[in-house]
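Topology and contacts: notes
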Amino acid sequence: MKIINVVGARPNFMKMAAIMRAMRPYRKINPLLVHTGQHYDANMSDTFFKDLELPKPDIHLEVGSGTHAVQTARVMERFEKVLFDEKPDLVLVVGDVNSTLACALAAGKLHIKVAHVEAGLRSFDRRMPEEINRVLTDQMSDFLFTTCEDANRNLAKEGIAREKVFLVGDVMIDTLLYYMKRDSLSGADEAEYAVVTLHRPSNVDDKDTFERISRALNKIARSIPIIFPVHPRTRRQIRRFGFEKYYNGNIKLLDPLGYLDFIKLYPKAKMVLTDSGGIQEETTVLDIPCLTIRENTERPITITHGTNILVGTDERKIVEEATKILRGERKRRKTLKYWDGRAAERIVKVLAEESRCLMRS
Ligand code: UD1
């Protein structure tokens, strides 16, 4: 069974690492890795291949940056050629980036089966490009692998047949637990700093919003040092708006970190302030308080069962919630079904069992 595994942007790499590792023992699975090149800087892509022991991509589409339509169209055009040449039995996509939707759409139109890992997550906010990618990728998919029950409910409401949906858990957590254990990283007892990540256009492209967030971070840094690895888009916006003045003294700006360097920050983090999706899940599993600088989340389970609090972009609210954590008022996580490090194994088992009907005669 020939499976094309697709990666494109930073948050895809950790998910695919777990899946490719789980595929290795199966002799009947022939996996190919395609990198669309949506992320191309060494520290947004190459470092992750090294850290996560991902094989070198078999095919690289080198699409680079562009508007949403340009980037999506470029991936579709180049990926369709790969599909003609390779004739896979299945295309497997992860997450919600533009490459995810582009490849699912190209495959679906050629009647090639699609598996979507991390299906069913919904923020119900269509102004978020990822939300459009999620809804449409799920509509194109034949196998929908979900991380939690609410994802299954969302898919049912959108009319997706139950037999296509498999609750397997979270592959991003597979990778996190694998490396935390391997590198003996544990314990949040020596809390020393807060970690910040920010990259959503809704937070960093609008000057007023970004200024409110920057002021809040500046205030929090008076009480605790902040470590802030900066996404290229965010770095550009700090310069453009002249916000360097907020990022001084107790705030350490770093270039984007590789996977292992980033997770090494966790054990001593008192809290994380972020607009990332994956980090909301990682902090929940590690029981580290997380303040999500967004108005909504597609991962509500990290609020109901985890350490996550939505703080929006209001300066006062961000500072207030951070202050509570510094005072020791914090949430604790509950156990999450299947967030146990074995989600990728479950996915590959399902695909292997279905291989007879997947393979063309
Ligand atoms: C993408 C994903 C987002 C994910 C994020 C993680 C979509 C719609 N968004 O957002 O869901 O959370 O990745 O980082 O797919 N750039 C570089 N070097 C790179 C990549 C990007 O400098 O290697 C700059 C470019 O100027 C580009 C901008 O960052 O225009 C944005 O990159 P893009 O891939 O369009 O989206 P992200 O904001 O990274």
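Shown above is the structure to which this text applies.
Residues numbered from 1 in each chain as written. Predicted model: local features only at pLDDT ≥ 70, side-chain atom pairs only at ≥ 80, totals over all residues. Heavy atoms only, no water.

Some words on the environment of Asn308
One can find Asn308 in strand β13 (residues 308–310). Judged by relative accessible area, Asn308 falls into the buried class, the value being 0%. In this structure, the C-alpha to C-alpha distance between Asn308 and Lys331, residues 23 residues apart in sequence, is 7.7 Å. Filtering out sequence-adjacent residues up to four positions away, Asn308 remains in contact with Gln280, Thr284, Cys290, Leu291, Thr292, Thr302, Ile303 and Lys331. Polar side-chain contacts of Asn308 include one of 2.6 Å to the side chain of Thr292. (Helix = DSSP H or I, 4+ residues; strand = E, 2+ residues; numbered from the N terminus. Buried < 20%, exposed > 50% of the residue type's maximum accessible area, 1.4 Å probe, protein only. Contact = heavy atoms within 4.5 Å. Polar contact = N/O pair within 3.5 Å; in protein donor to acceptor, adjacent residues only side chain to side chain.)

A closer look at the packing of helix α4 (residues 98–109) against helix α5 (residues 129–140)
Running from amino to carboxyl end, α4 crosses α5 at an angle of 25 degrees, the nearest separation of the two axes being 9 Å. Comparing the axis directions of α4 and α5 gives the class roughly parallel. Crossing handedness for the pair α4 and α5: left-handed. From α4, Asn98, Thr100, Leu101, Ala104, Leu105 and Gly108 reach across to α5, where they touch Asn133, Leu136, Thr137 and Met140. (Axes fitted to C-alpha atoms, helices over the stretch in contact; angles between N-to-C directions. Parallel < 35°, antiparallel > 145°, perpendicular 65-115°, else oblique. Left-handed = near helix turned anticlockwise from the far one by under 90°.)

Notes on the sheet that holds strand β9 (residues 226–229)
Think of a sheet as strands paired side by side through backbone hydrogen bonds, with each pair either parallel or antiparallel. Spatially, β10-β9-β8-β11-β12-β13 is the arrangement adopted by the six strands of the open sheet, whose pairing is parallel. The outermost strands of the open sheet, each flanked by one partner alone, are β10 (251–254) and β13. Put simply, the sheet's adjacent strands are angled 20 degrees from each other on average, direction ignored. Where strand β8 (residues 193–197) and strand β11 (residues 269–274) come together, five bridges link them in parallel fashion. If you follow Tyr193 over to β11, its bridge partner there is Ala269. (Pairing = 2+ DSSP bridges.)

Looking at the pairing of strand β1 (residues 2–7)
Of all six residues making up β1, five are buried, and the element is well covered by its neighbours. Of the strand pairs in this sheet, β1 and strand β2 (residues 30–35) are connected by six bridges, and their pairing is parallel. By the bridge assignment, Ile3 is partnered in β2 with Pro31. Handedness of the crossover is the feature at issue here: the chain leaves β1, passes through helix α1 (residues 10–23), returns alongside β2, and the resulting connection is right-handed. (Right-handed = clockwise from strand over helix to strand, strands pointing away.)

Remarks on the pairing of β10
Pairing between β9 and β10: four bridges, direction parallel. Each residue of the ladder has a partner; that of Ile227, found in β10, is Lys252. Note that the unit made of β9, helix α10 (residues 232–241) and β10 has a crossover that is right-handed.

Let's talk about the site of the ligand
Close to the ligand lie 20 residues, the nearest being Gln38, His39, Asp41, Glu130 and Arg236. At 2.8 Å, a backbone N or O of Asn98 approaches an oxygen atom of the ligand. Between the ligand and Glu130, the relevant distance is 2.6 Å, taken from an oxygen atom to a side-chain nitrogen or oxygen of the residue. At the level of elements, α1, α3 (68–86) and α10 are the ones that each hand at least two residues to the shell around the ligand. The greatest single-element share of the shell around the ligand, amounting to three residues, is contributed by α10. (Near = heavy atom within 4 Å.)

Some remarks on α10
Of all the residues in α10, the buried ones are Thr234, Gln237, Ile238 and Phe241. Looking straight down α10, one finds its buried side chains confined to an arc of 105 degrees; they lie on one side. Facing away from the buried side of α10, by more than 90 degrees, are the exposed residues Arg236, Arg239 and Arg240. Tucked inside the fold, the buried residues of α10 contact α8 (201–204), α9 (207–220), β9 and β10. Taken from the residues just after α10, Gly242 is the one with a positive phi, measuring 65 degrees. (Arc of directions from axis to C-beta.)

Examining the side chain of Thr137
Tracing the backbone shows Thr137 in helix α5. Reaching out from Thr137, the side chain makes a polar contact with the backbone oxygen of Asn133 at a distance of 2.5 Å. Discounting chain neighbours no more than four positions away, the residues touching Thr137 are Val93, Thr100, Leu101, Ala104 and His116.

Everything listed here is a matter of geometry and, on its own, says nothing about what the molecule does.
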